[in-house]
Amino acid sequence: MSALAVQAVGAAAEAVERHLPDLVQDAVASRLFARDATLWGSDAESEAAIRLSWVGLHRSSRPLVGEIEALREELRERGVRRVVLCGMGGSSLAPEVITGTAGVELVVLDSSDPDMVRSALEEDLAASAVVVSSKSGSTLETDSQRRAFVHAFTEAGIDPTERVVIVTDPGSPLDEQSRADGYRVVNADPEVGGRYSALTAFGLVPSGLAGADIGALLDEAEVVADLLAEDDEANPGLRLGAALAGTRPLRDKLLFTDAGSGIAGLADWAEQLIAESTGKQGTGVLPVVAPAGGSPTDGLASTGDCTVVVLAPEDGDDEVAADAGGAGSLVAVSGSLGAQLLLWEVATAVAGRLLGINPFDQPDVESAKQAAREIMEDGSDGAGRPDLVDDAVEIRAGGGWWPEGVSSLEGAVDALLGELDPGTGYLSLMVYLDRVEHADLAEVQGDLVRRTGRPVTFGWGPRFLHSTGQYHKGGPAQGVYLQVTGAPGQDLPVPGKDFTFGEFIAAQAAGDAGVLADHGRPVLRLHLTDQDRGLAQLRAVLAR
């Protein structure tokens, strides 16, 4: 089992050299693993004091291994051969990486889109088990998905208590009600935040039930734990944290590219960890998962605010094979999955200290949730009248930037891109559609990079709300935002509630756009009244 490796080039190497002596002198690594809540300043201390158990999960999660194996066998005896995970943010992204890397199937349902929910419900329900993951026990997306599956199992004559497994914090509303109703409940460590929870029950239960070797995953983390806790300039966690957040001036766009790491989706998991942890108080570093294929700097006119992050093969050469890809700043990272899960968490905590922010809160995630709740309570869709209609696309602008004279979809997109700062800006494309059915829409990301010459993030709603959604509102005011929503093929009621999944996802999109606009961020909202026609229009305009 090879050790972790972190190698820096250019501005990233200068940042490592600049900050390592102080990080070692201040005993940041050993204090982190001793759970010292004072590392991020007095304002963060109360939150950090109840969010640091993740440093010891490689040991404290061991009892889960046998429990999950026994539960997996029990479910298999009931004919289960398909596992569905209902969860959001870190609760879904970590299991997606673990199972994808292990080559075992896990259906991840992290959407409120009615077409996507229906597909998950209808596929081989008789052979399915469902893991419902919610730290607070009150996550509305997850509660709605749980209700849909309980209803579907009941309608099919299947006892839902034999097929639904609950993962939540002890004492949460979901914990207490589920136990009272006879469901199997596995409690997670309450002193670990959602995005640091990969090695808690949130990451391990769905992954283990799907067939991943979670004992080996914990072994990989344990092998490197002492190294990451050591106050030494060779500590890869200190080195990576300095490379990410210590450049001067700060290179606040991290262009992730996978150069054969063998870890499926690691960049997507790291994206939510870093963006949600650092994007606040007008600062932070924005992870940008580069389009597949080619160099991560392809199409960029300027890379002075960028660091390329290469996810390298575990058994690769000791030297960084690639140059800085024209960016002048590069960091290459390699290691096993379990080791890297712990490494990136340490590096993100170190980055928070260097940036002077609290890496454990997420104030703007909560603001978007509250806005969505208020829209649903009002009984409206939150959209209001469109500023313009072009065939199958309703066009709305937010953030006070809408120019006069725009008369088409193409003109509206051009106007939004005209708001982009050519030196520091980024474009975020936020798509509230079925991410499985319309996966190929992500291909426009590369087109938009070439068109704008700037970094472009692509996020599926509502899952990105639990990752880059924090950065968009709490980080520096550099972005412009293109939101895509669509009328569902067929809506789906949420059992026991007075709203549908279609109404819910519309409220989530409108709530997020409203908060962005309130922050003065330029937002262009495109609603496809007919998905097929609207998508054809959209692709033609975005790929231009």
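Procedures and definitions
Residues numbered from 1 in each chain as written. Predicted model: local features only at pLDDT ≥ 70, side-chain atom pairs only at ≥ 80, totals over all residues. Heavy atoms only, no water. Helix = DSSP H or I, 4+ residues; strand = E, 2+ residues; numbered from the N terminus. Rg over C-alpha atoms; globule rule 2.2 N^0.38 Å. Buried < 20%, exposed > 50% of the residue type's maximum accessible area, 1.4 Å probe, protein only. Contact = heavy atoms within 4.5 Å. Areas by Shrake-Rupley, 256 points an atom, 1.4 Å probe, with all protein chains shown as cover. Lys, Arg positive; Asp, Glu negative; His and termini not counted. Charge placed at Lys NZ, Arg CZ, Asp CG, Glu CD. Core = buried A, V, L, I, M, F, W, Y, C linked by side-chain atoms within 4.5 Å. Pairing = 2+ DSSP bridges. Axes fitted to C-alpha atoms, helices over the stretch in contact; angles between N-to-C directions. 1 Å grid on protein atoms, 1.4 Å probe; cavity = no way out; pocket = protein on both sides within 12 Å on 5 of 7 lines; lining within 4 Å. Points joined across faces, edges and corners; volume = space filled by probe spheres on them. Nonpolar A, V, L, I, M, F, W, Y, C, P; charged D, E, K, R; others polar. Polar contact = N/O pair within 3.5 Å; in protein donor to acceptor, adjacent residues only side chain to side chain. Phe/Tyr/Trp six-rings, centres within 6.5 Å; stacked < 30°, edge-to-face > 60°. Parallel < 35°, antiparallel > 145°, perpendicular 65-115°, else oblique. Left-handed = near helix turned anticlockwise from the far one by under 90°.

## Quick notes on the overall build of the protein
Okay, step 1: For the protein, the helix and strand inventory stands at 20 helices and 16 strands.
Okay, step 2: Its C-alpha radius of gyration of 22 Å places the protein within 12% of the 24 Å reference for a compact globule of 544 residues.
Okay, step 3: Per-residue burial for the protein yields a buried fraction of 60% across its 544 residues.
Okay, step 4: In the protein, once contacts between residues fewer than 6 apart in sequence are set aside, the share between residues at least 24 apart is 77%.
Okay, step 5: Of the roughly 19,500 Å² of accessible surface on the protein, a fraction of 45% belongs to carbon and sulfur atoms.
Okay, step 6: The protein carries 41 positive and 83 negative side-chain charges, and their two centres are separated by 2 Å.

## A closer look at the nonpolar core
Okay, step 1: Residues L32, W54, W269 and W344 are the most contacted members of the largest nonpolar core, which totals 88 residues.
Okay, step 2: A total of 10 residues in this core trace back to one element, the largest contributor, which is helix 14 (residues 337-355).
Okay, step 3: With residues up to four places along the chain from it excluded, the contact list for W269 reads L93, A94, V97, R195, A198, Q340, L341, W344 and E345.
Okay, step 4: By size, the runner-up hydrophobic cluster in this structure holds 57 residues, among which are A412, L417, Y481 and A513.

## Observations concerning the sheet that holds strand 8 (residues 286-289)
Okay, step 1: As summarised here, the arrangement of the 5 strands in space is 1-10-9-7-8, forming an open sheet in which the pairing is mixed. Across the chains shown, the open sheet's two edge strands, defined by having one partner strand only, are strand 1 (5-10) and strand 8. Strand-to-strand, the axes of this sheet are offset by a mean angle of 20 degrees, without reference to chain direction.
Okay, step 2: Pairing analysis gives 4 bridges linking strand 9 (residues 306-311) to strand 10 (residues 329-334), with the strands arranged parallel. If you follow V310 over to strand 10, its bridge partner there is A332.
Okay, step 3: Lying on the sheet, helix 12 (residues 236-245) is in contact with strand 1, strand 7 (253-258), strand 9 and strand 10; it crosses strand 10 at an angle near 150 degrees.
Okay, step 4: Of the strands in this sheet, strand 1, strand 7, strand 9 and strand 10 touch helix 14, which is tilted by about 140 degrees from strand 10.

## Here we look at empty space enclosed by the protein
Once rolled over the atoms, a probe with the size of a water molecule shows which space is left empty.
Okay, step 1: Per the stated rule, a full pass over the model turns up 1 cavity of 30 Å³ or more.
Okay, step 2: Considering the residues around the largest cavity, the lining is formed by V132, S134, G137, S138, T139, T142, D143, R146 and L174.
Okay, step 3: Of all the secondary structure elements, the ones that give two or more residues to the lining of the largest cavity are strand 4 (128-134) and helix 8 (140-155).
Okay, step 4: In terms of residue count, the dominant contributor to the lining of the largest cavity is helix 8 (3 residues).
Okay, step 5: A class-by-class count of the residues in the lining of the largest cavity yields 2 nonpolar, 5 polar and 2 charged.

## Side note on helix 12
Because an α-helix completes one turn every 3.6 residues, residues spaced three or four positions apart along the sequence face the same direction.
Okay, step 1: With respect to burial, helix 12 is a largely interior element, 9 of its 10 residues being buried.
Okay, step 2: Along helix 12, the positions that sit buried rather than exposed are P236, G237, L238, L240, G241, A242, A243, L244 and A245.
Okay, step 3: Capping of helix 12 at its N-terminal end is provided by N235; its side-chain oxygen lies 2.8 Å from the backbone amide nitrogen of G237.

## So, the packing of aromatic side chains
Okay, step 1: Evaluated as defined, the whole model comprises 11 aromatic pairs.
Okay, step 2: The interplanar angle of 80 degrees and the centroid separation of 5.7 Å between the aromatic rings of W401 and W402 together place this pair among those described as edge-to-face.
Okay, step 3: Taken together, W40, W54, Y196 and F360 form an aromatic cluster joined through their ring pairs.

## As for the environment of K253
Okay, step 1: Residue placement: K253 occurs in strand 7.
Okay, step 2: Judged by relative accessible area, K253 falls into the buried class, the value being 0%.
Okay, step 3: Separated by 171 residues in sequence, K253 and T424 have C-alpha atoms that sit 9.0 Å apart.
Okay, step 4: Those residues in contact with K253 that lie beyond four places of it in its chain are L286, D305, C306, T307, T424, G425, Y426, R454, P455 and Q478.
Okay, step 5: Side chain to side chain, K253 and D305 meet in a polar contact 2.9 Å long.

## Observations regarding the sheet that holds strand 2 (residues 82-86)
Okay, step 1: The strand order across the open sheet built from 5 strands is 3-2-4-5-6, with neighbouring strands paired in parallel fashion. The sheet is open, and its two borders are formed by strand 3 (107-109) and strand 6 (184-187), each paired with just one other strand. Neighbour-to-neighbour, the strand axes of the sheet open up by a mean angle of 20 degrees, direction not taken into account.
Okay, step 2: Where strand 2 lies against strand 4, 5 bridges are found, and the strand directions are parallel. Paired with R82 across the strands is S128, a residue of strand 4.
Okay, step 3: Packing of helix 7 (residues 114-122) onto the sheet brings it into contact with strand 2 and strand 3, and relative to strand 3 it is tilted by some 145 degrees.

## Considering the packing of helix 6 (residues 90-102) against helix 13 (residues 266-278)
Okay, step 1: Direction vectors running N to C along helix 6 and helix 13 enclose 155 degrees, while the axes themselves pass 9 Å from each other. As the angle between them shows, helix 6 and helix 13 are arranged roughly antiparallel. Relative to helix 13, helix 6 is oriented so that their crossing is left-handed. Contacts between helix 6 and helix 13 involve G90, L93, A94 and V97 from the first element and L266, D268, W269 and Q272 from the second.
Okay, step 2: Across the contact of helix 6 with helix 13, the residue classes tally to 5 nonpolar, 2 polar and 1 charged.

## Some remarks on the pairing of strand 12 (residues 393-398)
Okay, step 1: In this structure, strand 11 (residues 388-390) lies alongside strand 12, joined through 3 bridges in antiparallel fashion. When the sheet's bridge partners are listed, D390 is paired in strand 12 with V393.
Okay, step 2: Linking two consecutive strands that pair antiparallel, namely strand 11 and strand 12, is a turn of 2 residues; a positive phi of about 55 degrees is found at D391 within it.
Okay, step 3: Bridging between strand 12 and strand 16 (residues 523-528) involves 6 bridges; their strand directions are antiparallel. In the strand pairing of strand 16, E394 is matched with H527.

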